[in-house]
Amino acid sequence: MLLDASSREGRRDLEALVASGAVGAVHDTIEDQLDELIRSEDPAVAHSTDSRAAARRRICGATPLWQWGTWVFSAWNGRLTHVLPREEFQRVRTDRNRNKIDRAQQRDLRARRIGVVGLSVGSSAAVTLAMEGVGGAFRLADFDTVGLSNLNRLRAGIGDLGVSKAVLAARQMFEIDPYLDIEVCADGLTEDTIGPFFDGVDGTEPLDLLVEECDTVWAKVAAREYARDRGIPVLMDTNDRGLLDVERFDLEPQRPLLHGRTGGSTSADVARMDRGEQLSLLLTMVDEPRLSPVMRDAIGEMGRSLSSWPQLASGVMLGGALVADTARRILLGELIPSGRTYIDLDELIPAIGQQRTAEFARVMEAAR
């Protein structure tokens, strides 16, 4: 909930909210934020107390400081926070992005809408996109809730158990930037929800880019069918061997799904497959022969000694970085080609052996 205390209606709503008892804590650092804004406008100026006060008056005018800016109420934790107005907030929050992302590019990125399907691995990508200012509007889809076994890789705590993964990601993104436009599809992608997910409820708010990180084979294929029909680029990270997959349907409208690895199977075909057939297709999609040895060994153990795919937080965080960086470059017009890239840390940072040997210790001591 965003409240503008400079308006009569906003002040009335703010007073009613406080009186309701829903506010558990108030967090107001607006003076510090305003000082950051002043510094960002002209970093070369060393302000005195008087010049800083003059700059504050120039920005805020006659509006009392408590009425200036926006009060943000987060219902999930009861916190009421005072932040800069929208444009000033964006300028300061992304100030350290310069000159890797200039202000014109940041405005361009702010105007983009990104869809993320699958908010387990995808949560790292979604949160990183929000942090970097890549996208101003998001649609998040996941039917699952946070379980205890998710806490090895999800940015979540025990108080989040049972919460929708899509809702959790939205909360984290709003706490980074309360001005984001986020729509949550807590039922995941289905035949009923996939159209509005891509086009908006009224068909006038299409996605600019899709991040696909779901485990459901039907959704993986159906999402790409919709993306190709609409010319939307698709990114996928598997977090095994740092695999990043890029499909530029915006540049190649006839490109085969998943680089032809679906064998021509449509989402309708997948819906008729049994579980074994779907697993076989999924392994083809991710290039089973190129999986890491650990992942290949795990395939035969799932349902026996393993309950699901092995995943680590480090791989998920790496995937979030790969997706966010590539999404930014694509949305800014760089000609990133379709294809697959492996950022395999085991290969890039190889170990000499499995154990620290006496010889290795001597080499390290000599290097010192």
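In what follows, the structure referred to is the one given above.
**Thoughts on the overall build of the protein chain**
Now for step 1: When you go through the protein chain residue by residue, the secondary structure sums to 15 helices and eleven strands.
Now for step 2: The principal-axis extent of the C-alpha atoms belonging to the protein chain is close to 70 × 65 × 45 Å.
Now for step 3: Here the protein chain, with 368 residues, has 46% of them falling under the buried criterion.
Now for step 4: In the protein chain, the proportion of contacts linking residues at least 24 apart, taken out of those at least 6 apart, comes to 66%.
Now for step 5: Looking at charge distribution, the protein chain has the averaged site of its 44 positive side-chain charges lying 4 Å from that of its 57 negative ones.

**Remarks on empty space enclosed by the protein**
Over the atoms rolls a probe the size of a water molecule, and its path tells where empty space is left.
Now for step 1: This structure, assessed with the given rule, holds two cavities of 30 Å³ or more.
Now for step 2: In this model, the largest cavity occupies a volume close to 320 Å³.
Now for step 3: Lining the largest cavity are 17 residues, and of these Asp215, Thr238, Val286, Trp309 and Gln311 sit closest to its centre.
Now for step 4: Of all the secondary-structure elements, those providing two or more residues to the lining of the largest cavity are strand E9 (234–237) and helix H11 (275–285).
Now for step 5: When the residues that make up the lining of the largest cavity are grouped by side-chain class, the tally is nine nonpolar, three polar and five charged.
Now for step 6: Taken together, the residues of the lining of the second largest cavity sort by class into four nonpolar, one polar and two charged.

**Here we look at the packing of helix H6 (residues 121–132) against helix H13 (residues 313–331)**
Now for step 1: For the pair H6 and H13, interaxial distance at closest approach is 8 Å and the crossing angle is 50°. Taken together, the axes of H6 and H13 lie oblique to each other. For the crossing formed where H6 meets H13, the hand is right-handed. Of H13, the residues touching H6 (which contributes Val121, Ser124, Ala125, Thr128, Leu129 and Glu132) are Val316, Met317, Gly320, Val323, Ala324, Ala327 and Arg328.

**Quick look at the pairing of strand E4 (residues 79–83)**
Every regular strand shows the same layout, with side chains that alternate between the two sheet faces.
Now for step 1: Among the five residues in E4, four count as buried, and that is most of the element.
Now for step 2: In the sheet, strand E2 (residues 25–28) pairs with E4 via four bridges, with the strands oriented parallel. Paired with His27 across the bridge in E4 is Thr81.
Now for step 3: Two elements, strand E3 (residues 70–74) and E4, share five bridges in a ladder whose sense is antiparallel. Looking across to E4, one finds that Ser74 is bridged to Arg79.
Now for step 4: Where E3 folds back on E4, the antiparallel hairpin that results is connected by four residues, among which Gly78 adopts a positive phi of roughly 70°.

**Section: unusual backbone geometry**
Now for step 1: Omega for the bond connecting Arg98 with Asn99 falls within 30 degrees of zero, at 0°, which places this linkage in the cis form.
Now for step 2: As for its position among the elements, Asn99 is in the loop between helix H4 (86–93) and helix H5 (103–110).
Now for step 3: Although it is not a glycine, Leu258 adopts a positive phi angle of roughly 50°.
Now for step 4: Tracing the chain through its elements places Leu258 in the loop between strand E10 (243–247) and helix H10 (267–271).

Basis of the calculations
Residues numbered from 1 in each chain as written. Predicted model: local features only at pLDDT ≥ 70, side-chain atom pairs only at ≥ 80, totals over all residues. Heavy atoms only, no water. Helix = DSSP H or I, 4+ residues; strand = E, 2+ residues; numbered from the N terminus. Buried < 20%, exposed > 50% of the residue type's maximum accessible area, 1.4 Å probe, protein only. Contact = heavy atoms within 4.5 Å. Lys, Arg positive; Asp, Glu negative; His and termini not counted. Charge placed at Lys NZ, Arg CZ, Asp CG, Glu CD. 1 Å grid on protein atoms, 1.4 Å probe; cavity = no way out; pocket = protein on both sides within 12 Å on 5 of 7 lines; lining within 4 Å. Points joined across faces, edges and corners; volume = space filled by probe spheres on them. Nonpolar A, V, L, I, M, F, W, Y, C, P; charged D, E, K, R; others polar. Axes fitted to C-alpha atoms, helices over the stretch in contact; angles between N-to-C directions. Parallel < 35°, antiparallel > 145°, perpendicular 65-115°, else oblique. Left-handed = near helix turned anticlockwise from the far one by under 90°. Pairing = 2+ DSSP bridges.

By themselves, these observations are geometric and do not establish any function.
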